[in-house]
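# Fold and geometry: a report
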Amino acid sequence: MSDTRSDGELLRSIAADADRRAFEELYRRYAPWLRARLRGRCADLGVVDDVVQETFLAVWRGTARYREGHSADAAGWLWRIGSRRLVDALRGDGARGRLRQALARLRHRDEASAEERVLAGVEHGDLAGALVRLSPELRAVLQATVIDGLTTREAAVLLGIPPGTVKTRAMRARKQLREALT
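All residue numbers refer to position in the chain's written sequence, counted from 1. Local features are withheld for residues below a pLDDT of 70 in this predicted model, meaning they are given only at 70 or higher, and side-chain atom pairs are given and counted only at 80 or more; totals for whole chains, interfaces and linings count all residues. Think of the side-chain values as coming from all heavy atoms in the structure, minus any hydrogens and water.

To continue, consider the packing of aromatic side chains. Side-chain rings of Phe, Tyr and Trp (the six-membered ring for Trp) are treated as a pair once their centres are within 6.5 Å; stacked means planes under 30 degrees apart, edge-to-face means over 60, and tilted covers the remaining angles. Tallied over the entire structure, the rule returns 4 aromatic pairs. Relative to phenylalanine 56, the ring of phenylalanine 23 has its centre 6.3 Å away and its plane inclined at 75 degrees; by these criteria the two rings are edge-to-face. Placement of phenylalanine 23 in helix α2 (residues 20-39) and of phenylalanine 56 in helix α3 (residues 45-61) is noted, with a sequence separation of 33 residues between them. Phenylalanine 56 shares its class with phenylalanine 23; the two are buried. By definition, any uninterrupted DSSP run of H or I lasting at least four residues is a helix, any uninterrupted run of E lasting at least two residues is a strand, and each is numbered from the N terminus. A 1.4 Å probe rolled over the protein chains alone gives each residue an accessible area, and that area as a share of the maximum for its type sets the label: buried under 20%, exposed over 50%, partly exposed in between.

What follows deals with helix α9 (residues 152-159). Those residues of α9 lying buried are Glu154, Ala155, Ala156, Val157 and Leu158. Immediately downstream of α9, the backbone of glycine 160 shows phi near 70 degrees, a positive value.

Every axis corresponds to a line fitted to the C-alpha atoms, with the helix fit spanning only the stretch in contact, and the corresponding angles, defined between N-to-C directions, vary from 0 to 180 degrees. Contact pair α9 / helix α10 (residues 163-181): the axes reach a minimum separation of 8 Å and the direction vectors enclose 105 degrees. In terms of orientation, α9 lies roughly perpendicular with respect to α10. For the pair α9 and α10, contact is made by Thr152, Ala155 and Ala156 and by Pro163, Val166 and Lys167, respectively. Each residue is assigned to one class: nonpolar for Ala, Val, Leu, Ile, Met, Phe, Trp, Tyr, Cys and Pro, charged for Asp, Glu, Lys and Arg, and polar for all the others, Gly among them. Grouping the amino acids of the contact of α9 with α10 by side-chain chemistry returns 4 nonpolar, 1 polar and 1 charged. Angle categories: roughly parallel below 35 degrees, roughly antiparallel above 145, roughly perpendicular from 65 to 115, and oblique for all the rest. Between two residues, a contact is recorded if the distance between any of their heavy atoms is within 4.5 Å.

By convention in these notes, a salt bridge is any Lys or Arg side-chain nitrogen within 4 Å of a carboxyl oxygen on Asp or Glu. A full pass over the atoms with the stated rule returns 7 salt bridges. With its nearest N and O atoms 3.1 Å apart, the salt bridge here joins glutamate 24 to arginine 20. Placement of the pair is glutamate 24 and arginine 20 together in helix α2, with a separation of 4 residues, close to one helical turn. Among the residues examined, glutamate 24 registers a relative accessible area of 31% and is labelled partly exposed. On the basis of relative accessible area, arginine 20 is assigned to the exposed category, the value being 58%. For glutamate 25, the salt bridge identified is with arginine 29, shortest N-O distance 3.1 Å. Taken together, the residues glutamate 25 and arginine 29, both in helix α2 and 4 residues apart, mark about one turn of the helix. In the salt-bridge network here, residues are joined through shared partners; they are Asp7, Glu25, Arg28 and Arg29.

What follows is the structure, given as structure tokens:
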């Protein structure tokens, strides 16, 4: 039977009472979503599965602290934990070696990458160059909202900035890209 409690209620029950049912429900709600998001950043399914497990272990053990008042942002909070764990995993020697091998295999393919096909299809200017010229803050907002598909609120949680700042940076990034590509 599915739990009908809000994300905030589930997280409070997990933190306060080590409520296993609440944890299982939170896992059912968010593990598939988190796995799909992480797969967009890492092709190694083993690493992705490990990161999902580590993320939820951090929630269960209480090493990841959820702030009260952000019950609507559970997804963004979990994404921040998971994405940081993924970066840590990829920094490891084993993961780094696997990543180098995967990149080496990709370099030797005859087929153009998705990125190369997109860049070849841009008729007005140099998209890659325009993206590089954006500040890191503006690129991070584009990554979170466009590539990762996060809402403004989720991106704000992920990036640790207010939602209004996410909106402003997204507008500035779009404006700068339009100007650079026309």
